[in-house]
Every structure is written in C-alpha cells, then in structure tokens.
Amino acid sequence: MHLITPELRGYAWGTTDDIAGLLGLEPTGAPIAEAWWGAHESGPSVAHTPDGVERLDALIAAQAESCLGGDCARRWGDRLPFLLKLLAINKPLSIQVHPTTSQARAGFEEERRDAAATSYAFEDPFHKPEMVFALTSLRVLAGVRPVHELRADLESLGTAGAKRLAGVLTDDISDFISLAFAGAGDAETLAALAERGSAAPEGSSLRVSADALAAFPGDAGAIVALALNVVDLAAGESLFIGAGVLHSYQAGLGIEVMANSDNVVRAGLTPKHVDVPLLLSLASTRSAPAARPHTQVTGAAVTLLSEADEFALTVVTDGHAEVPAGPRVVLVVQGEASLACAAESTSLQRGQAVFARHSEGPIRVSARGTTVIAHLPERSSVGDVRIS
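Overview of the structure. Residue indices begin from 1 for each chain and proceed along its sequence in written order. Local features in this predicted model are restricted to residues of pLDDT 70 or higher, and side-chain atom pairs are both shown and tallied only at a pLDDT of 80 or more, whereas totals for entire chains, interfaces and linings draw on every residue. Side-chain figures throughout are based on the complete set of non-hydrogen atoms in the structure, without hydrogens or water.

**Points about the overall build of the protein**
- On a plain count of helices and strands, the protein comes out with 12 helices and 21 strands.
- In this description the radius of gyration comes from C-alpha coordinates, and the expected globular size is given by 2.2 Å times residues to the power 0.38. By the compact-globule yardstick of 21 Å for 388 residues, the protein fits well, its C-alpha radius of gyration being 22 Å.
- Oriented by its inertia axes, the alpha-carbon framework of the protein measures out at about 70 × 50 × 40 Å.
- Only protein chains enter the area calculation, which uses a 1.4 Å probe; residues under 20% of their type maximum are buried, those over 50% are exposed, and those in between are partly exposed. Counting every position in the protein, which comprises 388 residues, the buried fraction comes to 56%.
- Counting contacts in the protein only where the partners sit at least 6 residues apart, residues at least 24 apart contribute 74% of the total.
- To measure how exposed things are, a 1.4 Å probe is used in the Shrake-Rupley method; for residues, cover is taken only from the protein chains shown. Accessible surface, the protein: about 15,200 Å² in total, of which carbon and sulfur atoms supply 51%.
- Of the side chains in the protein, 29 bear a positive and 46 a negative charge, and the two mean positions are spaced by 2 Å. Helix and strand definitions follow DSSP, with helices as H or I runs of at least four residues and strands as E runs of at least two, each counted in order from the N terminus. Any two residues having at least one pair of non-hydrogen atoms within 4.5 Å are treated as being in contact. Charge assignment: positive for Lys and Arg, negative for Asp and Glu; neither His nor the chain ends contribute. Taken as the charge location is NZ of Lys, CZ of Arg, CG of Asp or CD of Glu.

**Overview of helix H6 (residues 147–157)**
- Restricting attention to buried positions, one finds in H6 the residues Val 147, Leu 150, Asp 153, Leu 154 and Leu 157. Taken down its axis, H6 places every buried residue within 125 degrees of arc, on the same side. The outward face of H6, more than 90 degrees from its buried face, is lined by the exposed residues His 148 and Glu 155.
- For H6, the secondary structure elements touched by its buried residues are helix H7 (160–167), helix H8 (174–184), helix H9 (187–199) and helix H10 (205–215).
- Positioned one or two residues after H6, Gly 158 has a phi angle of 70 degrees, which is positive. An arc is given here, and it is the one of the directions from the helix axis to the C-beta atoms.

**Some details on the pattern of salt bridges**
- The rule for a salt bridge is simple: a side-chain nitrogen of Lys or Arg has to be within 4 Å of a carboxyl oxygen of Asp or Glu. Taken as a whole and assessed by the stated rule, the structure comprises 15 salt bridges.
- Sharing partners across several salt bridges, the network here consists of Arg 139, Glu 202, Arg 207, Asp 211 and Asp 232.

**Considerations on the packing of H7 against H8**
- Axes here refer to lines fitted to C-alpha atoms; in helices the fit is confined to the stretch in contact. Angles between the N-to-C directions go from 0 to 180 degrees. At a closest axis distance of 9 Å, the pairing of H7 and H8 adopts a crossing angle of 155 degrees. The pairing of H7 with H8 is recorded here as roughly antiparallel in orientation. Where H7 crosses over H8, the two elements pack in a sense that is right-handed. Each of Gly 161, Arg 164 and Leu 165 in H7 lies in contact with H8, whose residues at this interface are Phe 176, Leu 179, Ala 180, Gly 183 and Ala 184.
- Along the lines of polarity and charge, the residues of the contact of H7 with H8 split into five nonpolar, two polar and one charged. Orientation labels follow simple angle bins: below 35 degrees gives roughly parallel, above 145 gives roughly antiparallel, 65 to 115 gives roughly perpendicular, and whatever is left gives oblique. Left-handed describes a crossing whose near helix is turned anticlockwise from the far helix through less than a right angle; right-handed describes the clockwise counterpart. Three residue categories are used. Nonpolar comprises Ala, Val, Leu, Ile, Met, Phe, Trp, Tyr, Cys and Pro, charged comprises Asp, Glu, Lys and Arg, and polar comprises the others, including Gly.

**Quick look at the packing of aromatic side chains**
- The aromatic pairing rule takes the rings of Phe, Tyr and Trp, using the six-membered ring of Trp, and pairs them if the centres are within 6.5 Å, calling planes under 30 degrees apart stacked, those over 60 edge-to-face and the rest tilted. For the structure on display, the rule yields one aromatic pair.
- Relative to Trp 13, the ring of Tyr 11 lies with its centre 5.9 Å away and its plane at 35 degrees, an arrangement referred to as tilted.
- Judged by relative accessible area, Trp 13 falls into the buried class, the value being 13%.
- Seen from the ring of Phe 126, Arg 79 lies directly overhead, with NZ or CZ sitting 3.9 Å from the centre. Both a distance and an angle decide whether a charge sits over a ring: NZ of Lys or CZ of Arg must be within 6 Å of the ring centre and within 35 degrees of the ring normal.

**Quick word on the packing of H9 against H10**
- In the contact formed by H9 and H10, the axes pass within 8 Å of each other and the chain directions differ by 125 degrees. Looking at the two axes, H9 sits oblique to H10. As H9 packs across H10, the resulting crossing turns out to be left-handed. Contacts between H9 and H10 pair Leu 190, Leu 193, Ala 194, Arg 196, Gly 197 and Ser 198 from the former with Leu 206, Arg 207, Ser 209, Ala 210 and Leu 213 from the latter.
- Taken together, the residues that form the contact of H9 with H10 break down as six nonpolar, three polar and two charged.

**As for the pairing of strand E17 (residues 328–340)**
- Two strands form a pair only when DSSP identifies at least two bridges running between them. Of the pairings in the sheet, the one linking E17 to strand E19 (residues 353–356) comprises four bridges and is antiparallel in character. Bridge pairing in E19 places Arg 328 opposite Ala 356.
- As defined by bridge partners, E17 adjoins strand E20 (residues 363–375) across 11 bridges and the pair is classed as antiparallel. Bridge pairing in E20 links Val 330 to Ile 373.
- As judged from the five bridges shared by E17 and strand E18 (residues 345–349), these two strands associate in the antiparallel manner. For Ser 338, the partnering residue across the bridge sits in E18 and is Ser 347.
- Between E17 and the antiparallel strand that follows it, E18, lie four residues.

**Here's the deal with the layout of surface pockets**
- Of the volumes computed, that of the largest pocket is approximately 650 Å³.
- Within the residue set of the lining of the largest pocket, elements represented by two or more residues are strand E3 (34–37), strand E6 (82–89), strand E12 (247–259) and strand E13 (265–266).
- Residue contributions to the lining of the largest pocket peak at three residues, all from E12. Lining residues are defined by having an atom within 4 Å of a point belonging to a cavity or pocket. Those points lie on a 1 Å grid over the protein atoms alone, cavities being sets where a 1.4 Å probe fits but cannot get out and pockets being open sets with protein on both sides within 12 Å along at least five of seven lines. Grid points are joined across faces, edges and corners, and a volume is the space filled by probe spheres set on the points.

**Brief notes about the state of the cysteines**
- In this description, a disulfide is simply a cysteine sulfur pair whose atoms lie within 2.5 Å. Evaluation of the coordinates by the stated rule reveals zero disulfides.
- Cys 72 carries a free sulfur, and the closest cysteine sulfur to it, the one in Cys 67, is 10 Å from it.
- According to the relative accessible area criterion, Cys 72 is buried, its value standing at 2%.
- Free cysteine: Cys 341, not disulfide-bonded; nearest cysteine sulfur from Cys 67 at 13 Å.

**Considering the pairing of E6**
- Along E6, eight of the eight residues are buried, which leaves the element largely enclosed by surrounding structure.
- Along E6, one buried face is formed by Phe 82, Leu 84, Leu 86 and Ala 88 and the opposite face, lined by Leu 83, Lys 85, Leu 87 and Ile 89, is buried too.
- Relative to E6, E3 runs antiparallel, the two sharing four bridges. Looking at E6, one finds that Trp 36 is bridged to Lys 85.
- Bridging between E6 and E12 involves eight bridges; their strand directions are antiparallel. Bridging across to E12, Ala 88 finds its partner in Leu 253.

This is the structure in structure tokens:
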C-alpha cells in the first residue's frame with residue numbers, strides 16, 4: 001500500500017477551510033475547491049514508495065498488472081479507471097454536461113487534428129460518469145425538471161423574454177436553452193428572476209436559480225438553472241450523474257467518485273469557456289428525475305453502485321469491510337482506520353489516503369469514524385465487496 005498525497009485545485013467556487021481542515025493544513029484564506037486522489041494525467045496524486053516519491057500515474061503505468069490486475073489492465077490499459085475527489089462548494093459550479101465514451105473519443109481526436117488549436121473542449125478521450133456522496137447537506141441541480149413546472153415559473157416572471165422562453169417549450173428544452181443565451185435571458189428577465197426568486201420558498205427552483213444569479217450577476221445560465229431538478233441531499237445520501245445529464249453543484253461538502261476523466265462542457269454560471277452548441281449536442285434535454293445509485297447496506301458499510309463499470313464506492317462507518325483484490329483508493333474522512341492485507345498492515349488518520357495494489361489481495365478495513373474506499377464494482381470480474 002502506498003500513502004498518496006492529493007492534488008489540490010483552488011477554483012474560485014471552493015471554500016477556504018473545509019479541505020484544509022480535513023487534510024490538517026493551515027488555511028491560507030484562498031479557496032480550495034477540490035482534492036484529487038487518483039492518477040489523471042493533469043493532476044495525479046503523489047505516491048510514497050520505499051525509493052521516495054513518484055507520480056501515481058507513472059507508478060501504475062510502469063507496473064500495470066501488479067497495480068491494476070490483469071483483467072483491469074486489459075480493459076483500461078495502464079490507467080487507473082476511477083478518480084476520487086473531495087468537493088467543497090461555496091458558490092454554484094457551472095451548468096455542465098459530460099460526454100459519452102464515443103463522443104469524447106471523436107471530439108478528442110478531431111480537436112488534436114487541428115494543428116492551429118490553442119485550447120480544447122475535450123481534455124481526454126474518455127467519458128465521465130460520476131457519483132457524489134454527501135458529507136454535509138449538499139444541493140445539486142441535476143436533470144431536466146417537468147416542463148409544465150418550468151413553464152409556470154417562467155410565466156410568473158411576467159417579462160417579454162420569459163414569455164418567449166415559455167413559448168418555445170416542448171418535451172425537449174433544446175430550443176429553450178438556445179434562446180436563453182440568444183437574448184431571451186435578458187436583463188429585464190434576470191431582474192424579474194432575482195426579485196421573484198428572492199421571495200420564493202427556500203429550496204424552490206425560483207429561489208435556487210435566483211441564488212445562482214446572485215453569485216453570477218447578468219449570467220443567462222441562471223435561466224437554464226431554472227429548468228433543472230433541485231436535489232437536496234442530506235449527509236449520507238448520494239446521487240449518480242451519467243453522460244449527457246445537465247447538472248450544477250450548488251453548495252455543500254461531498255465525496256465524488258468518477259471515471260478517470262476531466263471532460264466538462266459548460267453553459268453558464270462560470271467565468272470559464274462556454275459552448276452552448278456543443279453542450280446541446282451532448283446533453284439529454286428531456287424531463288427526467290435525478291438518478292440515485294444502487295445501495296447495498298450490510299452492517300457498518302454502504303456500497304454505492306451505478307451503471308458505470310469504472311467505479312463503486314464503499315463507505316464504512318464505525319465498523320469493518322473487506323474489499324477484494326483490484327486497484328483501490330482508501331481515504332479516512334473522519335476518525336481513523338486500520339488496514340490489513342496479507343503482506344502488511346497500516347493505520348491512517350483523518351485526511352490520509354492510500355493506493356492499494358491489486359497484487360496485495362483483499363484488504364480488511366476497520367474504521368473508527370468514516371472511511372471511504374473507491375474500487376471496481378462487482379461486475380468488473382475483479383470481485384464482490386464483502387461486508388461485515
């Protein structure tokens with residue numbers, strides 16, 4: 001097992017003390033939005049080895065079968081299939097969508113053929129399904145809400161722009177999104193959203209969209225936010241976001257596990273590059289409820305599974321779990337944990353994490369507090385998660 005140090009991301013939407021506090025760092029007053037435990041080439045963890053320190057992606061690439069196992073290496077090559085993150089959200093993230101595998105591959109290859117390109121929409125040729133587990137109350141916008149509810153909210157705004165937006169609504173909201181950015185999400189309509197939303201009930205779509213607008217004044221993305229389901233997760237609840245699902249994290253602290261990719265296409269609520277046509281070509285724009293992971297609960301452990309083959313997440317609270325061979329990232333979120341495999345044992349404190357190789361065999365995790373383990377799901381042929 002290798003102790004690993006996370007890659008930190010200081011995006012402006014992050015909090016100043018949550019991640020620093022969990023990692024035992026002195027807050028600097030600057031935001032820390034994400035901590036990454038994994039091996040994405042743009043921000044790999046640093047692995048501690050008997051010979052010193054090494055990038056985790058390089059370590060895995062050099063010893064893929066030992067680190068990943070033969071089945072995993074044959075399917076995903078020398079890349080760790082998943083990435084584990086901690087998110088600390090102080091203001092809304094962009095409205096965004098992630099591509100399918102075929103979309104990511106085609107977009108990545110097409111962009112790299114353009115020798116004159118100076119920036120890219122696709123960071124890698126992989127999809128990015130993701131799952132979030134709430135550590136505190138966590139608010140997310142995810143998927144398109146029922147159109148009749150959206151129409152009623154638009155009509156309540158009483159502006160010409162809102163009337164135009166309501167007029168193009170069908171079962172598919174693609175035209176609504178295009179029109180919001182093409183002028184119907186104008187200053188008058190945004191002002192009406194701010195006024196009516198500020199008086200709306202806490203947690204309502206109008207109120208949440210107005211709050212997002214307050215964080216990003218003048219951004220038509222707040223009108224698009226009005227079209228999405230508001231999902232309020234309590235601590236311990238979870239959400240799955242697949243390819244094409246429009247979403248935006250709003251506030252809270254959570255653990256996120258995803259396929260090992262950094263592909264994000266944005267449409268509003270961000271100072272970053274926005275590409276509405278590309279987003280619409282990737283997005284699911286019909287009404288659908290937000291998706292929850294399949295949950296297996298046995299004793300002190302909860303295992304979260306989804307349609308994604310690259311990852312599962314087991315959360316162990318004041319108890320034990322045995323996770324079979326395969327690549328694993330184990331992170332202590334609260335308290336401490338003891339880990340034991342055939343060759344070694346170790347203890348971790350809050351904020352510490354290890355990468356466990358496939359070759360080390362099953363690992364017994366004993367948690368005092370809460371420990372999370374990112375690993376491959378049962379159907380990956382690496383094995384099931386046995387919980388006690």
